[in-house]
Amino acid sequence: MKTILCGSTREVIIDTNGPVIIIGESINPTRRKKLVSTLQEGNFEYVLELARIQIDAMADVLDVNVGFPGVDDVKLLPETVIAIQNKFDIPLCLDSPNPKAIEAALKVANGKCLINSVNGEEHSLNAILPVAKEFGAAIIGLVMDDNGITHDPEKRLAIAEKILERALKLGIKEEYVVIDPLAMAVSADPNACMVTMKTIRLIHQKLGLNITMGASNISFGLPNREILNAAFMTLSILNGLTCPIANPEKITAAVRAADLILGRDDFAMRFIEYSQRTINV
Ligand code: THG
């Protein structure tokens, strides 16, 4: 399965048989006070710095989330998209719970974006899927619905199937549906990671779709987050994760190692190139 995203000119292929695609998570106001204050001033320098740092760390796609209390994201999300696109040629993942903000951003975005996200709730499917169809965007489908979040992997699979079915009905191709199996803090629930892992495996085996997730979510509230995130990442890649949303500065080494081990990196070219970059800097 190949999901093709595009920046102004640069194409990125998320391929269930190819190397892992890294969606950089850092343009997100969670715990970044400086991002909130600079965006409130209409200053995009810091957003552009976060974009540059992640691209240098081998992000393939950038998640763009400008949500904070009181924000007018129908205005700010497209403004941020324009600022990034004026400087960088990279596909964007538009991360907002507000369909109006997503639509406004798609109107100004070049290429082919990934919408983050739709879920199995009726109002979400009805609001987001027509927008995805209209703009030819790919979508991330979160496996939660009107009943909330289930801890049963089979039920999460059923929600993924429902999202896929509804997308197909509207004429959205299956390769433009990327599923998020929901990664949650393992500090709060000892089974959280295994529920996610089993969901990844089921979606990979039964639907063959590309799979993303906010991979740093699992380590909230724990020490040594980097090693925990890396371990979870590599195990998830083995099970079918293809395009994690993560901090590339911290995760690219583990991702390159996993790709090499899984036979997706001929002559270790990508692993060696990445290792040389980081040793020389
Ligand atoms: N699924 C989908 N989209 C998502 C998530 C998901 N978008 C938002 C989030 N979850 C993924 N993005 C982030 C962004 C930042 C952090 C975690 C997830 C984060 N920040 C550090 C912290 O909290 O300590 C600070 C920054 C840093 O480490 O450099 O962890 O699940 N579809």
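Residues numbered from 1 in each chain as written. Predicted model: local features only at pLDDT ≥ 70, side-chain atom pairs only at ≥ 80, totals over all residues. Heavy atoms only, no water.

With that out of the way, let us pick up the sheet that holds strand β8 (residues 177-180). One open sheet accounts for 8 strands, arranged β9-β8-β7-β6-β5-β4-β3-β10; its pairing is parallel. Each of the sheet's edge strands pairs with one partner strand only, and the pair in question is β9 (210-211) and β10 (245-246). Two elements, strand β3 (residues 23-27) and strand β4 (residues 61-64), share 3 bridges in a ladder whose sense is parallel. Paired with isoleucine 27 across the bridge in β4 is valine 64. Helix-sheet contacts for helix α2 (residues 45-56) involve β3 and β4, and the interaxial angle to β3 is about 150°. On top of the sheet, helix α5 (residues 122-135) reaches β6 (114-119) and β7 (138-142); it is set at about 155° to β6, its chief contact. (Pairing = 2+ DSSP bridges. Helix = DSSP H or I, 4+ residues; strand = E, 2+ residues; numbered from the N terminus. Contact = heavy atoms within 4.5 Å. Axes fitted to C-alpha atoms, helices over the stretch in contact; angles between N-to-C directions.)

Right, let's get into a nonpolar patch on the surface. Taken together, the side chains of Leu238, Ile261 and Leu262 present a nonpolar region at the surface, about 320 Å² in accessible area. On the secondary structure map, leucine 238 appears in helix α8 (residues 225-239). (Patch = residues over 30% accessible without salt bridge, like charges linked within 9 Å, V, L, I, M, F, W, Y side chains within 5 Å. Areas by Shrake-Rupley, 256 points an atom, 1.4 Å probe, with all protein chains shown as cover. Salt bridge = Lys/Arg side-chain N within 4 Å of Asp/Glu carboxyl O.)

Let us look at helix α3 (residues 73-87). Quick reminder: α-helices carry 3.6 residues per turn. Residues three or four places apart thus point the same way. Taking 1.5 Å per residue as the helical rise, α3 with its 15 residues ought to reach 21 Å, and the 21 Å between its terminal C-alpha atoms agrees with that figure. Buried within α3 are the following residues: Asp73, Leu76, Leu77, Pro78, Thr80, Val81, Ala83, Ile84 and Gln85. The secondary structure elements touched by the buried residues of α3 are β3, α1 (33-40), α2, β4, β5 (92-95) and α4 (99-108). (Expected span 1.5 Å × (residues − 1). Buried < 20%, exposed > 50% of the residue type's maximum accessible area, 1.4 Å probe, protein only.)

Let's shift gears to the side chain of threonine 212. Mapped onto the elements, threonine 212 comes out in the loop between β9 and α8. In this structure the side chain of threonine 212 is engaged in a polar contact, spanning 2.6 Å, whose partner is the backbone oxygen of cysteine 243. Apart from the residues within four sequence positions on either side, threonine 212 is in contact with Ile23, Ile140, Val178, Ile179, Asp180, Pro181, Leu241, Cys243, Pro244 and Ile245. (Polar contact = N/O pair within 3.5 Å; in protein donor to acceptor, adjacent residues only side chain to side chain.)

Quick look at the environment of leucine 50 now. Within the secondary structure, leucine 50 is located in helix α2. Sequence spacing of leucine 50 and glutamate 25 is 25 residues, and the spatial spacing of their C-alpha atoms is 9.6 Å. In contact with leucine 50, other than residues within four places in its own chain, are Ser26, Ile27, Arg32 and Leu35.

This structure, assessed with the given rule, holds 6 salt bridges. Across the pair aspartate 15 and lysine 2 runs a salt bridge, and its minimum N-O distance is 3.7 Å. Of this pair, aspartate 15 sits in strand β2 (residues 11-15) while lysine 2 sits in strand β1 (residues 2-6); the two residues are 13 residues apart in sequence, bridging distant segments of the chain. Judged by its relative accessible area of 15%, aspartate 15 is buried. Taking relative accessible area as the criterion, lysine 2 reaches 47% and is therefore assigned partly exposed. Between aspartate 259 and arginine 264 there is a salt bridge, and its shortest N-O distance comes to 3.4 Å. Given a relative accessible area of 1%, aspartate 259 falls into the buried group.

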